[in-house]
Amino acid sequence: MSSENGKRLLETDAGGLNFEATELTLGLPGEPRVTSDGGAKLGSKRGFSETVDLKLGDNNREVKLGHSLQEAAKSPVSKTQVVGWPPVRGFAKRGKKSCKYVKVAVDGAPYLRKVDLEIYNSYQQLLTSLEDMFSCFTIRNYLNEKKIEQVNGIEYMPTYEDKDGDWMLVGDVPWQMFVESCKRLRLMKSSEAVGLGLTTGPKYSSTN
Amino acid sequence: MNYFPDEVLEHVFDFITSHKDRNSVSLVCKSWYKIERYSRQRVFIGNCYSISPERLIARFPGLKSLTLKGKPHFADFNLVPHDWGGFVYPWIEALAKSRIGLEELRLKRMVVSDESLELLSKSFVNFKSLVLVSCEGFTTDGLAAIAANCRFLRELDLQENEVDDHRGHWLSCFPESCTSLISLNFACLRGEVNLGALERLVSRSPNLKSLRLNRAVPLDTLQKLLMRAPQLVDLGIGSYVHDPFSEAYNKLKIAIQRCKSIRSLSGFLEVALHCMSAIYPICGNLTFLNLSYAPGLHGNKLMKLIQHCRKLQRLWILDCIGDKGLGVVALTCKELQELRVFPSDPFEAGNAAVTEEGLVLVSAGCPKLNSLLYFCQQMTNAALITVAKNCPNFIRFRLCILDPIKPDPVTNQPLDEGFGAIVQSCKGLKRLSLSGLLTDQVFLYIGMYAEQLEMLSIAFAADSDKGMLYVLNGCKKLRKLEIRDCPFGDAALLEDVGKYETMRSLWMSSCEVTLGGCKSVAEKMPSLNVEIIDESEQMEFNLDDKQKVDKMYLYRTLVGHRKDAPEYVWIL
């Protein structure tokens, strides 16, 4: 039995965000496991096949798999969650954060991207991620007054459209409030923002 | 005992309140049975199919408070189909037709229709208290009927129910004359509520002690409610998101400070971390804190909150507290008796969960710990042995390792020794849930040492029938046994069928028991209902006795086969 420690890429359409290192999977003999949204996943530091070969106690016993795990091992890649595990009532409701994907437009870019705001905890993390995503541009990051080396000579201001349809500067309201009210992001060319009187920085720093 | 007139005995029996004790009293002699049954006001029925409403009414004409439980526990984890059973309507119908002056109804895992709620609301003049836990089948229309018709309603407590929310109007159905509310909990409702109606209701309820709001109640309404109800003892906050520089937030801080009686806090269904300091003034008095629905609360802010809660006796939290956070709990909450750590999203980063370290810290710091529900990434035998030594007073010990067959990661051994230490040390253990890699050995320990054990939950464990046999032979007080995905077959099932009559119920799913084995139990024990639940239709076409049974649920009953089972349930 080959041991697959079931590491895999989580499918995401946000720019190349990998959850590989943080994945919890149970490596059963056979294909790597993929769970659909909300499915319970089994975590293990070692592939299951390794535990089967262990000498348990004094006797060299075989571990008998419960039916559900056997079924899970047999079934196709898309349907491998074990029903009713972990045993928490309303498992999907408790603790699981909703995804909040918003479109990100950059002036001058031919296509948009999408980011999940729920995976960040602060403005700093968001902006860093946007920088990575649009690495050919420079995003004006005056949250910590650092000027990033300009690559192509154009600076961008991060703005967003809120629930009321207004375009706001990113960073003025608390992070959580921003996540809740943000509908879409736009990286606006700084040159266009000239004249908006933005002399004071936002209230919320990256440490919020 | 024949020297005393009945009235004296009745007066003495008034002091005996626990169901167990009253049951025992009724068995002493005929005259005690008679006196006890006429004076009994509160009845608990742990399995609604074990008795009929008619017999209940015949025996206890003075009934005022009824507790009923329906579906088996594993229904919570989607192992029982929705329409399996547990319908409350026949009970309410029968009680309504009788002369019973029902005042209180507490239901768990039952199917409750709007029709039943309406009938309930119209049939009992003095109806005071409705508590629904993990129920389903009703909408806010049913709640509207309760609100409108129960003139002396004191308690409406909805916990974790599946309610079809038709939005808002049910709260307005409480008449202006309704001023008797003591407890109102609608945290599980997902829809909007009429905030004005809510405010007015709270204003005219001077006895309101417990208020748990749902997600749709915003912070500024919360502030207004607290201003009107500073006498609250139990508060469930709905939404807790606001701009900390706003006027509403300042008002909230003032309102919270006035609530000097709050001992229990829950909710935070939506939460903004920066608003937590408003809560600090009441933290010092809290005995119960439930943050298990607040994934937004984590890290330093969470720890700071906990540090203010020195009197905590019960803490329900998500595993994003981490081992470090549990360390803070251990240092701060010296009065802690109950800890529940629930799993947050499994797709989170690995450090968002807890391990054996957190549990060991709490066991060392909180010597009064007696009840545990702990979802964790891993557990070691050494940790369990340490916990057993630190906390010999466990009554409930439920451990769920997220990987159900994970061994001790340090030694690669099964967790038999660890759990063995728990059962050996905790002589008062009544409830136990196992997980991780386990062999027959752990069951040997359980059979030997767990003398007070009443409920045992097993999943993905054991090597052979011996495991189940150790438990059935050893645990004399066992009432509920639920097993999934274990290699227990007919030999274990049939060893001592008489035992099942001493228990409330046995659940076995994805095990090795066959149709023939189940039939055998049913034949030998007419006092049991043996139900086979199989939605796959294979039972229809393949009645081979050697067929393995997917799900079997058997329970003792005085009233034979139930008539309301759906197609896919075969009662043997």
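Residues numbered from 1 in each chain as written. Chains lettered and ligands numbered in written order. Predicted model: local features only at pLDDT ≥ 70, side-chain atom pairs only at ≥ 80, totals over all residues. Heavy atoms only, no water.

As recorded in an unreviewed UniProt entry, chain B goes by the name F-box domain-containing protein, listed as coming from Gossypium mustelinum. Word for word, the UniProt comment on chain B under Subcellular location (unreviewed entry) is "Nucleus". The Pathway (unreviewed entry) comment attached to chain B in UniProt states, word for word, "Protein modification; protein ubiquitination." (UniProt positions renumbered as here; feature names shortened; annotations may be inferred.)

Named according to an unreviewed UniProt entry, chain A is Auxin-responsive protein originating from Gossypium raimondii. Word for word, the UniProt comment on chain A under Sequence similarities (unreviewed entry) is "Belongs to the Aux/IAA family."

Summing up its helical and strand segments, chain B has 21 helices and 23 strands in all. If one aligns the C-alpha atoms of chain B with their principal axes, the spans along those axes are about 70 × 65 × 60 Å. Looking at chain B as a whole, 61% of its 572 residues are labelled buried. Considering only intrachain contacts with a sequence separation of at least 6, the fraction spanning at least 24 residues in chain B is 71%. (Helix = DSSP H or I, 4+ residues; strand = E, 2+ residues; numbered from the N terminus. Buried < 20%, exposed > 50% of the residue type's maximum accessible area, 1.4 Å probe, protein only. Contact = heavy atoms within 4.5 Å.)

Attention shifts here to the side chain of Lys499 of chain B. All names here are of chain B. Its location among the elements puts Lys499 in the loop between helix 19 (490–494) and strand 20 (505–509). Of the buried charged residues, Lys499 lacks a salt bridge, with Asp496 as the closest side chain of opposite charge at 6.3 Å. A polar contact of 2.6 Å, which involves the side chain of Lys499, links it to the backbone oxygen of Cys475. Leaving out residues up to four positions away in the same chain, Lys499 has contacts with Leu472, Cys475, Lys476 and Leu478. (Lys, Arg positive; Asp, Glu negative; His and termini not counted. Salt bridge = Lys/Arg side-chain N within 4 Å of Asp/Glu carboxyl O. Polar contact = N/O pair within 3.5 Å; in protein donor to acceptor, adjacent residues only side chain to side chain.)

Turning our eyes to something else, we now look at the packing of aromatic side chains. In this description, an aromatic ring pair is defined by two values, namely the gap between the centres and the angle between the planes. For the structure on display, the rule yields 20 aromatic pairs over all chains. Aromatic side chains Trp85 of chain A and Phe460 of chain B sit 5.5 Å apart centroid to centroid with 90° between the ring planes, which places their arrangement in the edge-to-face category. Of the two residues, Trp85 of chain A is situated in the loop between helix 2 (67–74) and strand 1 (101–106) and Phe460 of chain B in the loop between strand 18 (455–459) and helix 18 (465–474); the pairing between them involves two chains. A centroid spacing of 5.0 Å and a plane angle of 80° characterise the contact between Phe394 of chain B and Phe397 of chain B, whose relative ring orientation is edge-to-face. The exposure class assigned to Phe397 of chain B is buried, which follows from its relative accessible area of 0%. Every member of this aromatic cluster is reached through a ring pair, and the members are Tyr49, Phe74, Phe77, Trp84, Trp507, Tyr553 and Tyr555 of chain B. For Arg562 of chain B, the ring lying beneath its charged end belongs to Trp84 of chain B, and the centroid distance is 4.3 Å. (Phe/Tyr/Trp six-rings, centres within 6.5 Å; stacked < 30°, edge-to-face > 60°. Lys NZ or Arg CZ within 6 Å of the ring centre and 35° of its normal.)

What follows covers the side chain of Ser65 of chain B. Residue and element names in this part refer to chain B. As for its placement among the helices and strands, Ser65 is situated in strand 2 (residues 65–69). Ser65 sits in the buried class, given a relative accessible area of 4%. The contact partners of Ser65, leaving out residues within four places of it in the chain, are Gln41, Arg42, Val43, Leu102 and Glu104.

For the rest of this paragraph, the subject is unusual backbone geometry. Negative phi is the rule for most residues except glycine; trans is the rule for most peptide bonds. Geometrically, the link from Trp85 of chain A to Pro86 of chain A is a cis peptide bond, its omega value of -5° lying close to zero. Examined against the element boundaries, Pro86 of chain A turns out to sit in the loop between helix 2 and strand 1. One non-glycine residue, Ala462 of chain B, lies in the positive phi region at around 75°. Inspection of the secondary structure assignment puts Ala462 of chain B in the loop between strand 18 and helix 18.

This part is about helix 12 (residues 299–307) of chain B. Residues and elements named next belong to chain B. Buried within helix 12 we find Leu302, Met303, Leu305 and Ile306. Mapping the buried residues of helix 12 onto a view down its axis gives an arc of 155°, with all of them on the same face. Those residues of helix 12 that are buried are in contact with helix 11 (280–283), strand 13 (314–318) and helix 13 (322–332). (Arc of directions from axis to C-beta.)

Residues and elements named next belong to chain B. Contact pair helix 14 (residues 356–365) / helix 15 (residues 381–390): the axes reach a minimum separation of 9 Å and the direction vectors enclose 15°. The angle between helix 14 and helix 15 places the two elements in the roughly parallel class. Judged by the sense of rotation from one axis to the other, the crossing of helix 14 with helix 15 is left-handed. Listed contacts from helix 15 to Glu356, Leu359, Val360, Ser363 and Ala364 of helix 14 are Ala383, Thr386, Val387 and Asn390. Its residues assigned to classes, the contact of helix 14 with helix 15 shows five nonpolar, three polar and one charged. (Axes fitted to C-alpha atoms, helices over the stretch in contact; angles between N-to-C directions. Parallel < 35°, antiparallel > 145°, perpendicular 65-115°, else oblique. Left-handed = near helix turned anticlockwise from the far one by under 90°. Nonpolar A, V, L, I, M, F, W, Y, C, P; charged D, E, K, R; others polar.)

Glancing now at the pairing of strand 4 (residues 129–133) of chain B. Residue and element names in this part refer to chain B. Burial runs high along strand 4: five of the five residues are buried. Of the two faces of strand 4, the one lined by Ser129, Val131 and Val133 and the one lined by Leu130 and Leu132 are each fully buried. Two strands pair when backbone bridges link them, and strand 3 (residues 104–108) and strand 4 are joined in this way by five bridges, in the parallel orientation. Each bridged residue has a counterpart across the sheet, and for Leu105 the counterpart in strand 4 is Leu130. In this fold, the crossover linking strand 3 to strand 4 by way of helix 6 (residues 114–123) has right-handed handedness. Direction of pairing for strand 4 relative to strand 6 (residues 155–159): parallel, over a ladder of five bridges. Bridged to Val133 within strand 6 is Gln159. (Pairing = 2+ DSSP bridges. Right-handed = clockwise from strand over helix to strand, strands pointing away.)

On the surface, Tyr3, Phe4, Val8 and Val12 of chain B cluster together into a nonpolar patch covering about 420 Å² of accessible area. Among the residues examined, Val8 of chain B registers a relative accessible area of 35% and is labelled partly exposed. (Patch = residues over 30% accessible without salt bridge, like charges linked within 9 Å, V, L, I, M, F, W, Y side chains within 5 Å. Areas by Shrake-Rupley, 256 points an atom, 1.4 Å probe, with all protein chains shown as cover.)

Now for the environment of Leu478 of chain B. All names here are of chain B. Summarising the element assignment, Leu478 is placed in the loop between helix 18 and strand 19 (480–484). Given the relative accessible area of 1%, Leu478 is considered buried. Between the alpha carbons of Leu478 and Leu554 there is a distance of 14 Å; along the sequence they are 76 residues apart. Setting aside anything within four residues of it in sequence, one finds Leu478 in contact with Leu453, Glu454, Met455, Leu456, Val471, Lys499, Thr502 and Met503.

In this section: helix 13 of chain B. Residue and element names in this part refer to chain B. Here helix 13 lies mainly inside the structure; nine of its 11 residues are buried. For helix 13, the full list of buried residues reads Gly322, Asp323, Gly325, Leu326, Gly327, Val328, Val329, Ala330 and Thr332. Buried-residue contacts for helix 13 involve helix 12, strand 13, strand 14 (338–342), helix 14 and strand 15 (371–376).

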